[in-house]
Every structure is written in structure tokens, then in C-alpha cells.
Amino acid sequence: MELSSILKPEAVRVLSAASSKKRLFQEIADVAEATLGLDAQVVVDGLLERESLGPTGVGHGVALPHARMSELESVSGVFLMLEKPIDFASVDRQPVDIAFALFAPEEAGVDHLKALALVSRTLRDTAVCTKLRANPDPVKLYAILTEAQSMQAA
């Protein structure tokens, strides 16, 4: 599985401001609706439902919100870089400025877990996160994300 198969270039955005986790989820939902054809309200509800089980802020300014969507046929993602970090109730209590949301079909099973592991592995790399934070351009962000994975595979 490759990031380029999960993430479309048009699903990468830079967000100037999000005042809360719920507002961030709305922004993610708007991008998911525009690029993946998902219903924005269903996306917000799915992300909030998953978040109620425990925070998806994994630390070091990174959040990996995710949800299952019956409308999808394959695992898909949305990447948002926030210009101003927000409180996300992360495991390390650090504010979040990188959010990679994953959406999987109801029956995705192993593919959903593989995608989460792939994104997590990519964003655990401090060099990758440093590059992302230094390049607030969606085209460059997409290149960094997809290049990072090919570098890890080598």
C-alpha cells in the first residue's frame, strides 16, 4: 500500500485557522466531500464517534482521526496542515498542527489497519514532520508525504 493510492493531491490543504477539534473535523469533512464525494455531516459524525472512544492525537503535533464510511470502496485520506496548532487532547498534551484523516469502507478490515500503520510510520519520522512544517504549500506537502514513503521503503 502506498500513500499515493490513499491520498489525492487535491485532498491536501493548508488551513489558516481552526478554533477547535470539532472545527477541524468540519474542515476535514468539507475536503472529504469535495475530493472523495463523502457527505460532510456523515464524515463529522464518524470522526466524532471514533474520537469518543479515545483521542486520535498521537503526539508530537500529529493527529490521525479516522472513521469507517459505508460509501467508500477503498481507504482514502485527507491531509491538513494547520498554520496555528490547536488543542486536540493528544496523548502528550501537545497541540496539533498536522492532521491526516483516514476513511475506510465498513468492511476494510486489514486495509484500514495497514493504512493507519503506514500513515503513522510516515508521520512518526521527525524529519518528515519538520519538512512538512517548513513547506506550507499543498503541492509540496503532497510531494513530501509521498516521497517520504518511498524513502522509507528503500
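Small disclaimer: the values here were computed from a predicted structure and weren't measured.

Rules used in this analysis
Residues numbered from 1 in each chain as written. Predicted model: local features only at pLDDT ≥ 70, side-chain atom pairs only at ≥ 80, totals over all residues. Heavy atoms only, no water. Helix = DSSP H or I, 4+ residues; strand = E, 2+ residues; numbered from the N terminus. Buried < 20%, exposed > 50% of the residue type's maximum accessible area, 1.4 Å probe, protein only. Contact = heavy atoms within 4.5 Å. Lys, Arg positive; Asp, Glu negative; His and termini not counted. Charge placed at Lys NZ, Arg CZ, Asp CG, Glu CD. Core = buried A, V, L, I, M, F, W, Y, C linked by side-chain atoms within 4.5 Å. Phe/Tyr/Trp six-rings, centres within 6.5 Å; stacked < 30°, edge-to-face > 60°.

Check the secondary structure of the protein and you find six helices and six strands. With respect to the principal axes defined by its C-alpha atoms, the protein has extents near 35 × 35 × 25 Å. Residues classed as buried in the protein amount to 49% of the 154 residues present. Across the protein, contacts joining residues at least 24 apart in sequence account for 71% of those joining residues at least 6 apart. Seen as two clouds, the 15 positive and the 21 negative side-chain charges of the protein have centres 6 Å apart.

Ranked by internal contacts, the top residues of the largest apolar core, which has 54 residues, are Leu24, Val78, Phe79, Phe103, Leu123 and Leu132. When residues in this core are grouped by element, the largest group, eight residues, is from strand 6 (residues 96-104). Every residue in contact with Leu132, bar those within four places of it in the chain, is listed here: Phe79, Met81, Ile98, Leu123, Leu141, Ile144 and Leu145.

Another point: the packing of aromatic side chains. Under the defined criterion, the tally for this structure stands at two aromatic pairs. Relative to Phe88, the ring of Phe25 has its centre 6.0 Å away and its plane inclined at 80°; by these criteria the two rings are edge-to-face. One end of the pair, Phe25, is in helix 2 (residues 21-36); the other, Phe88, is in the loop between strand 5 (76-86) and strand 6, with 63 residues separating them in the sequence. For Phe25, a relative accessible area of 0% gives the class buried. Assessed through its relative accessible area of 1%, Phe88 is described here as buried.

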